[in-house]
Protein chains: 2
Amino acid sequence: MSDFTRDEIDAVYRLLAARRDMRHFLSDPLDSALLGRLLAAAHLAPSVGLMQPWRFIHICDRALRTRIHALVEQERVRTAQALGERDQEFMRLKVEGILECGALLVAGLAPDRDKHVFGRRTMPEMDLASVACAIQNLWLAARAEGVGMGWVSLFEPEALRELLRMPIGSRPVAVLCLGYVSEFYPRPMLEISAWAQRCSLKTLVHIDHWSEPPELGASLS
Amino acid sequence: MSDFTRDEIDAVYRLLAARRDMRHFLSDPLDSALLGRLLAAAHLAPSVGLMQPWRFIHICDRALRTRIHALVEQERVRTAQALGERDQEFMRLKVEGILECGALLVAGLAPDRDKHVFGRRTMPEMDLASVACAIQNLWLAARAEGVGMGWVSLFEPEALRELLRMPIGSRPVAVLCLGYVSEFYPRPMLEISAWAQRCSLKTLVHIDHWSEPPELGASLS
């Protein structure tokens, strides 16, 4: 039925389950051929109306990396303040590996997106969905290659846009830390740290109409 | 280096390249175990602060499917009007397979997302990015299993929310057509139809700062 073998299909499911949002990295650099494969994987993503809204900035300059880290650190403190009673718990979490990771990318949305109306007339934010699919492709390719990735969204997008001299109308959406790791977390780090727990799939699937509790429990065992 | 073999890594890249946004389907139904595997794959996606904002509605009622199709058809006409000079070209494209596909899902955002501040204080739209990653996981798992998927975003989200009795504050983001296909398009259908062309990856990657033209050309061959 499929042009993928049972073993290949199993490897895909294993990959989806093994991908982790990493914050601990070894500092070994990634070679440029590997990075090129990962970016090519991102560029194979679907996009609304084939608009391909994604852009990537490879941060090579160490001083620039330090400035990005400072922006994220500033937002980390502001997030803690906004969290209220969980602020101390949040501040104990490791939320990024920007300074130590082997390669740093920023993913963003290109400017001049208004001309793309196909699939976006009522939901212009579908361009962000396309970039997210590209990032997920990159993430999965990296994990298959034994490379970890962490998606950091703790920053003020306008400040990062200016720092990277991105044009008005473009928008950074992710700081992506990439690198080799000593081990992949066995479960999401926020689950291990007891920040949040995995929901049961049964609580997330409805039949025909929204209902509480959801109804697919009977068919998803 | 990786816990995936060279053959498995190659299969992953082949999968990323073979995934297509499908609009032509056979009407054979998908069995519920397969659908459960695909939904479980979606639920393995990363999410900002582990908020898991995704919900899925499995449309089983044929009359409801017809009503969803009518909503999409209405938006298809409005999109053509908004497109101006490319309206006739757009109207000739097949943009969905809602009535004929083997299974129909609607993916959406759960309500009450404001309490999730982690990674969203400055960019609340990261919840949509998480749902998009879940949809991409589902898409890739489906393709590995030999099942096609099409993501339709031609609808008025408030109208679809009301039709599916989704609570205020929740939001549908994708109508997902799933099903077996007679063949997968060799290239994106919008490329085959000459609606749009693939950009070269070299035009999408910068080093350190945004520049036009981008600078990674030298290292990405």
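Residues numbered from 1 in each chain as written. Chains lettered and ligands numbered in written order. Predicted model: local features only at pLDDT ≥ 70, side-chain atom pairs only at ≥ 80, totals over all residues. Heavy atoms only, no water.

A.B. asks: Can you help me understand the interface of chain B and chain A in this one?
C.D. replies: A common way to state how big an interface is: give the accessible area lost once the parts meet. Counting residues at the interface gives 107 residues for chain B, matched by 107 residues for chain A. Contact between chain B and chain A buries roughly 9,400 Å² in total, counting both sides, with carbon and sulfur atoms accounting for 64%. There are eight salt bridges connecting chain B and chain A. Counting across the chain B and chain A interface gives 47 residue pairs in polar contact (both at pLDDT 80 or more). Taken together, the residues that form the side of chain B that touches chain A break down as 67 nonpolar, 19 polar and 21 charged. Sheet topology note: the strand E1 (residues 54-59) of chain A/strand E5 (residues 205-207) of chain B ladder contains three bridges and is parallel. In the strand pairing of E5 of chain B, Phe 56 of chain A is matched with Val 205 of chain B. (Contact = heavy atoms within 4.5 Å. Buried area = accessible area lost by both parts, 1.4 Å probe. Salt bridge = Lys/Arg side-chain N within 4 Å of Asp/Glu carboxyl O. Polar contact = N/O pair within 3.5 Å; in protein donor to acceptor, adjacent residues only side chain to side chain. Nonpolar A, V, L, I, M, F, W, Y, C, P; charged D, E, K, R; others polar. Pairing = 2+ DSSP bridges. Helix = DSSP H or I, 4+ residues; strand = E, 2+ residues; numbered from the N terminus.)

A.B. asks: What exactly am I supposed to notice about the sheet that holds E5 of chain B here?
C.D. replies: Sheet strands line up and pair through hydrogen bonds in the backbone, either parallel or antiparallel. Pairing in this open sheet of five strands is mixed, and the strands run E3(A)-E4(A)-E2(A)-E1(A)-E5(B) from one edge to the other. Two strands in the sheet have a free side with no partner beyond their single neighbour: strand E3 (148-152) of chain A together with E5 of chain B. Mean inter-strand twist for the sheet, computed between neighbouring axes without regard to direction, equals 25°. The pairing of E1 of chain A with strand E2 (residues 103-109) of chain A spans six bridges and is antiparallel. (Axes fitted to C-alpha atoms, helices over the stretch in contact; angles between N-to-C directions.)

A.B. asks: Is there a simple way to explain the sheet that holds strand E5 (residues 205-207) of chain A in this structure?
C.D. replies: With mixed pairing, the five strands of this open sheet are ordered in space as E5(A)-E1(B)-E2(B)-E4(B)-E3(B). Each having just a single partner strand, E5 of chain A together with strand E3 (148-152) of chain B make up the two edges of the open sheet. Geometrically, the sheet is characterised by an average inter-axis angle of 25° between neighbouring strands, direction not taken into account. The sheet contact formed by strand E2 (residues 103-109) of chain B and strand E4 (residues 171-179) of chain B spans seven bridges and is antiparallel. The residue of E4 of chain B that forms the bridge with Val 106 of chain B is Val 175 of chain B. Set on the sheet, helix H2 (residues 32-42) of chain B makes contact with E5 of chain A together with strand E1 (54-59), E2 and E4 of chain B; between it and E1 of chain B the angle comes to about 160°. The strands touched by helix H3 (residues 62-83) of chain B are E1, E2, E3 and E4 of chain B; relative to E2 of chain B, the strand with the most contacts, the crossing angle is about 65°.

A.B. asks: Explain the pattern of salt bridges here, please?
C.D. replies: A pair can form between side chains of opposite charge whenever their charged atoms are brought close. All names here are of chain A. In this structure the tally under the stated criterion is 31 salt bridges over all chains. Across the salt bridge formed by Glu 191 and Arg 198, the nearest N and O atoms sit 3.9 Å from each other. Glu 191 gets classed as buried once you look at its relative accessible area, which sits at 12%. Here the residues in one salt-bridge network are Arg 113, Arg 120 and Asp 127, joined through shared partners. (Buried < 20%, exposed > 50% of the residue type's maximum accessible area, 1.4 Å probe, protein only.)

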